[in-house]
Structure formats: C-alpha cells, structure tokens
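Commentary on secondary and tertiary structure
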Amino acid sequence: AVLGVERFLVALGATRRVPWLAKVVITFGITCFGWLLFRERSLAQIAHDLAQSPFAASAEQWRMAVYFVALVFIYALPLVIHMLTTGIDGWRIEARLTNRSQFILETGIAVLLLLGIITIRSVATSDFIYFQF
C-alpha cells in the first residue's frame, strides 16, 4: 500500500522538490513503524512505544543507543568500502590501473570484506520475525 502511495505521488510530480535526505528519513520512519507492527503483540503496546520520548531515556538507554549506532557503523563499513572502491560514480575512488589489476584489486577487496563480515557476524541465532505469527 505504501509503495502504491509513493508511485502515485511520483506520478503526480509531488516528490520532485523533496530533498533526497528528506526522502531517506521518511522511508526510514515508515520502515521502523512497519517493524514495530511485527514486533509488538497489541495496539496498546504500539501506542505506548510511539509515546516514548528519547529525551526521557535513562543514561543506560543512551549507552545502549550509542552502542547500537556504533555497531551499525561497524557492520556498514564493508559496504562503504565496497562503494568507494567499486561502486557509485562520483563516490568512487579512481585508481589508474589496468583492467586486470583493477579486477584483482576489486576481487581482493571483496574477499577481505566477506571475511570481515563473517568474522564480525553474530554467533547467536535468533528466531525469524514471522515465527511470532
């Protein structure tokens, strides 16, 4: 339904003047709300969660938030490195290498990033989100 609304707004041209960062923030908010629908078991709990203020959080909750933000940056680091070495034009670090050398470099980086992801992955398993239903 949300995708249909987005496509309707694009067809109307309503999204042309919305900055890229605002689109990302809106998408993130809608995604988090959608995850909340799967996480909680009642509408009362969803209302309670949405009424919470980050400014009323305890010091321990702020420490946990900083920990999770740091964890996200650590897990995103391989993707950022990949983007800078092989990815998006304008964000790519250009190296003057032959095609063979470029291929070897990109393959080496991909292998190192894969090993990094395997190394820092969680060793604990968790139930798939849909097992709650």
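Given the structure is predicted, the values throughout are model-derived calculations rather than measurements.

Some words on the environment of leucine 9
- Examined against the element boundaries, leucine 9 turns out to sit in helix α1 (residues 2-12).
- Among the residues examined, leucine 9 registers a relative accessible area of 34% and is labelled partly exposed.
- Beyond its immediate sequence surroundings of up to four residues, leucine 9 is in contact with Ala14 and Thr15.

Things to note about the packing of helix α2 (residues 20-39) against helix α3 (residues 43-51)
- Contact geometry of α2 with α3 gives a least axis separation of 9 Å together with a crossing angle of 140°. One finds that α2 runs oblique with respect to α3. The handedness of the crossing between α2 and α3 comes out as right-handed. Of the residues in α3, those in contact with Phe33, Leu36, Leu37 and Arg39 of α2 are Ile46, Asp49 and Leu50.

Definitions and cut-offs
Residues numbered from 1 in each chain as written. Predicted model: local features only at pLDDT ≥ 70, side-chain atom pairs only at ≥ 80, totals over all residues. Heavy atoms only, no water. Helix = DSSP H or I, 4+ residues; strand = E, 2+ residues; numbered from the N terminus. Buried < 20%, exposed > 50% of the residue type's maximum accessible area, 1.4 Å probe, protein only. Contact = heavy atoms within 4.5 Å. Axes fitted to C-alpha atoms, helices over the stretch in contact; angles between N-to-C directions. Parallel < 35°, antiparallel > 145°, perpendicular 65-115°, else oblique. Left-handed = near helix turned anticlockwise from the far one by under 90°.

In short, geometric facts, not functional conclusions.
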